[in-house]
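Overview (structure and organization)
For reference, the chains in residue letters:
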Amino acid sequence: AENSNSRGPVPMSMNLASASMGGADIDFGKGPEQKSTAERPGSAFTVSDNIRASTSAPLGLPEKKPEQQIPLIDPSLYKPPPFQPKSDPIVHNLTTLTRPKASRRMIPVNQVFSDRMSKFWTSKFHSFNHMQSELSNKVAHSTDNIVVSAPTGAGKTALFEMAMGRLFDGYSVDHSSEIPKSQKIVYISPSKALCDERYNDWKTRLAQIDPRIACAVVTGDTIGYASFREVDDAHIILTTPEKWDAMTRKWTDHLFLIGSVKLLLIDEIHLIGDDSRGGCLEAVISRMKTVQRAAKAKHTLVARNASNDKHTYQDTLGVDMRIVCVSATLPNIVDIASFIDANEAHSFDSSYRPVPLTTHVVGLGYMGKNAFMFDKNLGKEVPGLLHRFGLSKPSIVFCHTKKQTEALALELVSTFGCQNGETVKIAKQTNLSSLKKCLERGIAFHHAGMETDNRHLVERAFSRGLIKCLCATSTLA
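Residue positions within a chain follow its written sequence, with the count starting from 1. Side-chain atom pairs in this predicted model are given and counted only at pLDDT of 80 or more, local residue features only at pLDDT of at least 70, and totals for whole chains, interfaces and linings cover all residues. With hydrogens and water excluded, all non-hydrogen atoms of the structure serve as input to the side-chain values.

**A few points about a nonpolar patch on the surface**
Any residue with relative accessible area above 30% and no salt bridge may belong to a patch, with like charges joined within 9 Å and the nonpolar Val, Leu, Ile, Met, Phe, Trp and Tyr side chains within 5 Å. Only the protein chains shown count as cover for residues, and the accessible areas themselves come from Shrake-Rupley with a 1.4 Å probe. Whenever Lys or Arg places a side-chain nitrogen within 4 Å of a carboxyl oxygen from Asp or Glu, that contact is recorded as a salt bridge. On the surface, a nonpolar cluster with roughly 190 Å² of combined accessible area is contributed by Val362, Leu385 and Phe389. You can see Val362 is positioned in the loop between strand 11 (344-348) and helix 11 (371-378). Where helices and strands are cited, they refer to DSSP runs of H or I of at least four residues and of E of at least two residues respectively, numbered from the N terminus.

Next up, the structure:
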C-alpha cells in the first residue's frame with residue numbers, strides 16, 4: 001500500500017499491469033490487441049507464457065510480442081442452431097404381425113452391391129438374412145441417419161458393413177488408384193476387445209476388395225500424437241467412447257482431420273443411458289455433430305492452406321456426416337433417433353433371431369440373508385441347471401465379475417467336468433495353472449483380464465465343442 005501511494009494512483013482503464021521480480025516480468029491480464037489462447041487454438045503462445053524469463057534480453061527494452069494469428073475456427077460457426085420444432089421420428093416395429101415369416105425375403109448380396117464390393121460378404125454368405133434384407137435399401141442406397149434395435153445374433157454388424165460398402169462402392173478402385181482418405185469411417189464400441197475383433201475381421205475381408213484400405217485401432221494403448229497419425233493414415237478408425245472423447249476435445253486444432261469423418265458407426269448405443277459411461281458417449285456424439293456444423297462453414301476453409309498436407313480434406317468438409325446406431329435393447333428408440341437427427345427408426349422382435357431363444361425362469365427361494373450370500377450360493381445351483389437345460393451341449397454361464405468366472409469354473413471341475421484326451425492336449429497349451437486345471441476337465445473361464453493367447457485358446461476350444469461349460473463375463477459376448 002505504501003508503494004502504491006508513493007507511485008501515484010493507478011488508472012482503472014489500464015489493461016496490463018506488470019511488476020519486475022527477480023529478473024522476470026509477470027504479466028497480469030492481457031493487452032488490448034492480444035487474443036486469448038482459446039481464440040487462437042493453433043498458437044504456441046499459452047497461459048504459461050505470461051511468466052517470461054527476460055535474461056536473454058536487456059532490461060528496459062520492450063519485449064517482442066507474439067505474432068498475431070487468425071483464429072482457425074470462429075466460435076460463431078459452431079453455435080447451436082436455433083430451435084426448430086420437428087415431428088417425432090417414424091418407428092417401424094417389425095414383428096410377426098407386421099411382417100409374417102412367409103413374406104420375409106433374403107436378398108442376394110450381388111443385387112445390392114457391385115461384384116467388387118460383394119466380395120466383402122461372399123466369403124461368409126451370399127444372401128443377407130431377413131433383418132438385413134429389410135434394411136438393405138435404406139442402409140446401402142441412402143445417406144440418412146438410422147437407428148436399429150434387433151436381437152443379439154440377428155446380424156447388426158452387417159448393417160455397419162453395408163454403410164461402409166456404400167462409401168467405398170462410390171469410388172472406382174483398380175490396381176492403379178487408391179481409395180482416398182478424405183472421407184473417414186469411425187467405429188465406436190464400448191470395449192477394446194470388440195474393437196480388436198472387428199479390426200481382425202474387417203482387415204482380412206477388406207483386403208479382398210483393396211489391400212490398401214487401412215484400418216487402425218485407436219484405444220488407450222495409443223498415446224499422444226501417435227493417435228492422430230494413425231487416424232490420418234487410416235480409412236477406418238476403431239475406437240472406444242473414452243478414447244475418441246479425449247482425441248476430439250481439442251477438435252479446433254484438428255478441424256480438417258476430425259471433420260473428415262463422414263460415417264460414424266456406434267455399437268451398443270443403449271450404453272448412452274449408463275450412469276458411468278453414458279455421459280461420455282453422449283458428449284462424443286454431440287461434439288461430432290458440432291464439428292460437422294463448423295466444417296461445413298465455407299469461410300473456415302480459408303484459414304488454413306491444406307495443399308501442403310499429406311492428405312487434402314477441404315474438398316469433403318462440406319459433405320454431411322452419417323450416423324448409424326445399433327443395439328439389442330433400446331426401449332426408448334424414439335429419443336435416440338431424435339438425438340442423432342434420424343427420421344426413421346427400426347425395431348425388430350425376437351422372431352428375427354436366426355436361432356430361436358427359449359427363456360426359463362427358475363425360482364430358487366431363500367438363498368441367504370443378503371445379496372452377497374445370495375450371489376455366493378448361486379454357484380451351487382449351476383450344475384443342476386446345466387443338467388436340466390444343457391441338453392448335453394456346450395453351455396455358457398455369464399458372471400458379473402472376473403473373479404466369479406474363475407471361482408465358478410473351479411467349482412464345476414469336480415461337479416460337472418469330465419476328462420478326455422482332447423481336453424488334456426488343449427490344457428498343455430496354457431501356462432495358467434487355474435485354466436489348465438479347468439481345461440483338463442472340459443471346463444473353462446473367459447474374461448478381459450486374461451492374456452490374449454489364453455482367451456483365443458478358450459474360444460477355439462469352445463467353438464470345437466471341447467468345452468462342456470464356459471464361465472465368462474460379457475466380454476465374450
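**Thoughts on the confidence of the model for the chain**
Of all residues in the chain, 77% attain a pLDDT of 70 or more, and the chain-wide mean is 79. Scored from 0 to 100, pLDDT records how confident the predictor is in each individual residue. Residue contacts are counted whenever heavy atoms from the two residues lie within 4.5 Å of one another. A low-confidence stretch, residues 1-62 stays under pLDDT 50, and its non-local contacts, those more than four residues away or across chains, total 55 contacts. Note that pLDDT drops below 50 for residues 302-311; the model gives that stretch 14 contacts with residues more than four away or on any other chain.

**Brief notes about the layout of surface pockets**
A pocket, in this scheme, is an open set of points on a 1 Å grid over the protein atoms alone with protein on both sides within 12 Å along at least 5 of 7 lines, while a cavity is a set where a 1.4 Å probe fits but cannot get out; residues line either one if an atom lies within 4 Å of a point. Grid points are joined across faces, edges and corners, and a volume is the space filled by probe spheres set on the points. In this structure, the second largest pocket encloses a volume near 950 Å³. Considering the residues around the second largest pocket, the lining is formed by 31 residues, among which Asn145, Lys289, Met321, Ile340 and Asp341 are closest to the centre. Broken down by secondary-structure element, the contributors of at least two residues to the lining of the second largest pocket are helix 4 (157-169), strand 9 (261-267), helix 9 (278-295) and strand 10 (322-327). It is helix 9 that provides the largest number of residues to the lining of the second largest pocket, a total of four residues.

**Here we look at the packing of aromatic side chains**
Two aromatic rings from Phe, Tyr or Trp, using only the six-membered ring of Trp, form a pair when their centres are within 6.5 Å; if the ring planes differ by under 30 degrees the pair is stacked, by over 60 it is edge-to-face, and anything between is tilted. A complete count under the given rule lists seven aromatic pairs for this structure. Distance and angle both matter: a charge sits over a ring if NZ of Lys or CZ of Arg is within 6 Å of the ring centre and within 35 degrees of the ring normal. One Lys or Arg, Arg104, reaches over the ring of Tyr352 and ends 3.8 Å from the middle of that ring. Just above the ring of Phe416 sits the side chain of Lys468; from NZ or CZ to the centre is 4.4 Å.

**Some words on the pattern of salt bridges**
Between side chains of opposite charge, a pair can form when the charged atoms approach closely. Inspection of every chain in the model, using the stated rule, returns 16 salt bridges. In this structure, Lys138 engages Asp144 in a salt bridge whose closest nitrogen and oxygen atoms are separated by 3.2 Å. On the basis of relative accessible area, Lys138 is assigned to the buried category, the value being 17%. A relative accessible area of 34% means that Asp144 is categorised as partly exposed. For Arg205, the salt bridge is made with Glu161, and the minimal N-O distance between the two is 2.9 Å. Taken together, the residues span a long stretch of sequence, with Arg205 in helix 5 (residues 192-206) and Glu161 in helix 4 at a distance of 44 residues. Note on Arg205: relative accessible area 3%, which makes it buried. For each residue, the accessible area found with a 1.4 Å probe, counting protein chains only, is set against the maximum for its type, and the residue is called buried under 20%, exposed over 50%, and partly exposed in between.

**Structural notes on the sheet that holds strand 8 (residues 236-239)**
Reading across the sheet, the eight strands line up as 4-11-5-10-9-6-8-7 and stay open at both edges, with parallel pairing between neighbours. The open sheet has two edge strands, strand 4 (90-94) and strand 7 (215-218), and neither has a second partner. The average undirected angle you get between the axes of adjacent strands in this sheet is 15 degrees. Relative to strand 10, strand 5 (residues 146-149) is paired through four bridges, and the arrangement is parallel. Bridging across to strand 10, Val147 finds its partner in Cys325. A fitted line through C-alpha atoms serves as each axis, taken over the contacting stretch for helices, and the angle formed by two N-to-C directions is quoted from 0 to 180°. Against the sheet, helix 9 engages strand 6 (184-188), strand 9 and strand 10, with an angle of about 165 degrees to strand 9. The pairing criterion for strands is at least two bridges between them, as found by DSSP.

**Some points on the sheet that holds strand 13 (residues 443-446)**
Read from one edge of the open sheet, three strands run 12-14-13, paired in parallel fashion. Whereas interior strands pair on both sides, the edge strands pair on one side only; in this sheet they are strand 12 (395-398) and strand 13. Taken over all neighbouring pairs, the strand axes of this sheet differ in orientation by 20 degrees on average, direction set aside. Note that strand 13 and strand 14 (residues 469-472) share four bridges and pair parallel. Paired with Ile443 across the strands is Cys469, a residue of strand 14. In the packing of helix 13 (residues 402-415) onto the sheet, contacts are made with strand 12, strand 13 and strand 14, and the angle to strand 13 comes to roughly 180 degrees.

**Things to note about the state of the cysteines**
The definition used for a disulfide is geometric: two cysteine sulfur atoms within 2.5 Å. This model, assessed by the stated rule, comprises zero disulfides. Its sulfur unpaired, Cys399 is 5.2 Å from the next cysteine sulfur, which belongs to Cys471. There is no disulfide at Cys438, and the cysteine sulfur nearest it, in Cys471, is 7.8 Å away.

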